[in-house]
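These are the residues of each chain, in order.
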Amino acid sequence: PSSRDVDFMAQVLQKSKGQNICLPQGEISDTCIDFQSVEAVNRKLRPLLRRLVRTRFFRTLKVDLYRPCELWNSEGSCFQPNCIVKPLEDDTVPDAWKVSTVDNFDSSPFSRKLITRHPIPEFSDRDFVVVSDEAYGDGIWVDLQDNPERFTGYAGPEANRVWETIYNENCFGVAPLMRDTASGWGNQQTELDGTRQPFVAPPKHKGELVGFLKDLGFGEDSEKLRRPSVPLEIRSFYRLISGFHASVSTHICYNYLNHTTNHWERNLGCFISRIGAFPDRLQNIYFDYVVLLSSIKKMAHYLENYNYSTGSPKRDKTTQRLIKRILRVACESSISLEEDQFFAGSNGPALKEDFKASFRNISRVMDCTGCEKCRLWGKTQTMGLGTALKALFSYPARAFGRGATSVSFKRNEIVSLFNTMHQFTTSIEAIGGFREMYQDLLVDYQLKNDNGAGPALPERDEL
């Protein structure tokens, strides 16, 4: 990795004197937003989204987990308990979400007229992902809160093949080379050839961190992405996927099962190996955050008037109140992607179609994941990001104004959007947690070596 990238990652894990928390500095690539703004907004948004995704409307989702893999003969399914998804019984799902195949209600929040549906394609021209319909599509109902994204034990060549395919066949030739190393891919303890390798141990002295990251890292051709010849849209596509991957890895490391104690805990070595060796990955988490929040901000009026009914007026009122508070935070923030700069050239329309086709293909790659829970969150977050892209690039801002009659988003798109936003707020918070964890490691190490002697340690807030 470049010195700039290594310095960025070192900032994330270290604190400097006089700062409570050392924040990464500068602007997020391909945006006009700085890292500090994202972390400041996240402190306001995170508790609200945590409450929202626990409401019945947002924790309930229908997902086709058993769609066959179309890309290869998928083998190596994970049958460990942590891989298995717990389904909901159909009778616990509101009847309004289970409309009959032929006659049902328009999904638009502004229309309640009865219409006749006929079989439709998997996606419309505006969609960036394969979108199933909860009313008549295949799938099972799940409670996302009962099936959290965390370490499952799913690993090995089959697990790595999913990400390898996404990067090497769907990122327009600017993806990193898939290296024969455990660093950053699949289960950190399993390399591509199936051999085992333990997590790295983080350095015990601040002065060793920069050199450690340089030695550990394998370049991801980040300089290649920065070349003027690489279009903004192609760079952004790669950053979206990389940020998604990095966020998933952050969740896995933050909720890691210690097989010795059988307790879920944070694994700093896992985080440094998966993210610390590749600083661009962490930066791309922030990029995805900007994309998601910008879409919510753009859709604000539409989302405020969406139908969040579950059949319980009291619960629905709570959900509506949380939505309004979240939208207020989003709209008051300075975070906004300049989407008008995308797909603007003479080849813009063709490039947008290629962008959509590649992103839709990632939806299909998720069907090849051998772990049910990984597939659940992979499909949910792919749809969440696809919903954000649809809002940003398939509709002008005026379409989300009063009435919004030309706008169409299914319930599962809205649920996926907010759950994906919540996953990224969790990742940003987890990064802060690992930052604190590293500082604790340094303090503990100094205490053990000093044995109570030597100069007094600085106060925690001065580290």
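Residues numbered from 1 in each chain as written. Predicted model: local features only at pLDDT ≥ 70, side-chain atom pairs only at ≥ 80, totals over all residues. Heavy atoms only, no water.

Looking at an unreviewed UniProt entry, one finds the protein chain named Endoplasmic oxidoreductin-1, with Spiromyces aspiralis as its source organism.

Engineer: Describe the state of the cysteines, listing the residues and the values that go with them.
Structural biologist: Note: disulfide means a covalent bond formed between the sulfur atoms of two cysteine side chains. Taken as a whole, this structure holds two disulfides when the rule is applied. One disulfide in the model links Cys69 with Cys368; its S-S distance is 1.9 Å. As the torsion about the S-S bond is roughly 80°, the Cys69-Cys368 disulfide counts as right-handed. You can see Cys69 sitting in the loop between β1 (60-63) and β2 (103-105) and its partner Cys368 sitting in the loop between α12 (348-365) and α13 (372-393), a full 299 residues away along the chain. (Disulfide = S-S within 2.5 Å. Helix = DSSP H or I, 4+ residues; strand = E, 2+ residues; numbered from the N terminus.)

Engineer: Which residues make up the environment of Ala388, and what values go with them?
Structural biologist: Structurally, Ala388 can be placed in helix α13. Separated by 93 residues in sequence, Ala388 and Ser295 have C-alpha atoms that sit 5.2 Å apart. For Ala388, the contacting residues outside a window of four places in its chain are Val291, Leu292, Ser295 and Leu417. (Contact = heavy atoms within 4.5 Å.)

Engineer: Account for the packing of aromatic side chains, with residues named and values stated.
Structural biologist: Applying the stated criterion across every chain, the model contains 23 aromatic pairs. Judged by centre distance (6.2 Å) and plane angle (25°), the ring pair of Trp97 and Trp141 falls under stacked. Remark: Trp141 occurs in strand β4 (residues 140-143) and Trp97 occurs in the loop between β1 and β2; sequence separation between them is 44 residues. Just as Trp97 is buried, Trp141 falls in that class too. With a centroid separation of 5.5 Å and an interplanar angle of 90°, the aromatic rings of Phe343 and Phe355 are classed as edge-to-face. With Phe343 in the loop between α11 (313-332) and α12 and Phe355 in helix α12, this residue pair connects regions lying 12 residues apart in the sequence. Relative accessible area serves as the criterion here: at 10%, Phe343 is assigned to the buried category. (Phe/Tyr/Trp six-rings, centres within 6.5 Å; stacked < 30°, edge-to-face > 60°. Buried < 20%, exposed > 50% of the residue type's maximum accessible area, 1.4 Å probe, protein only.)

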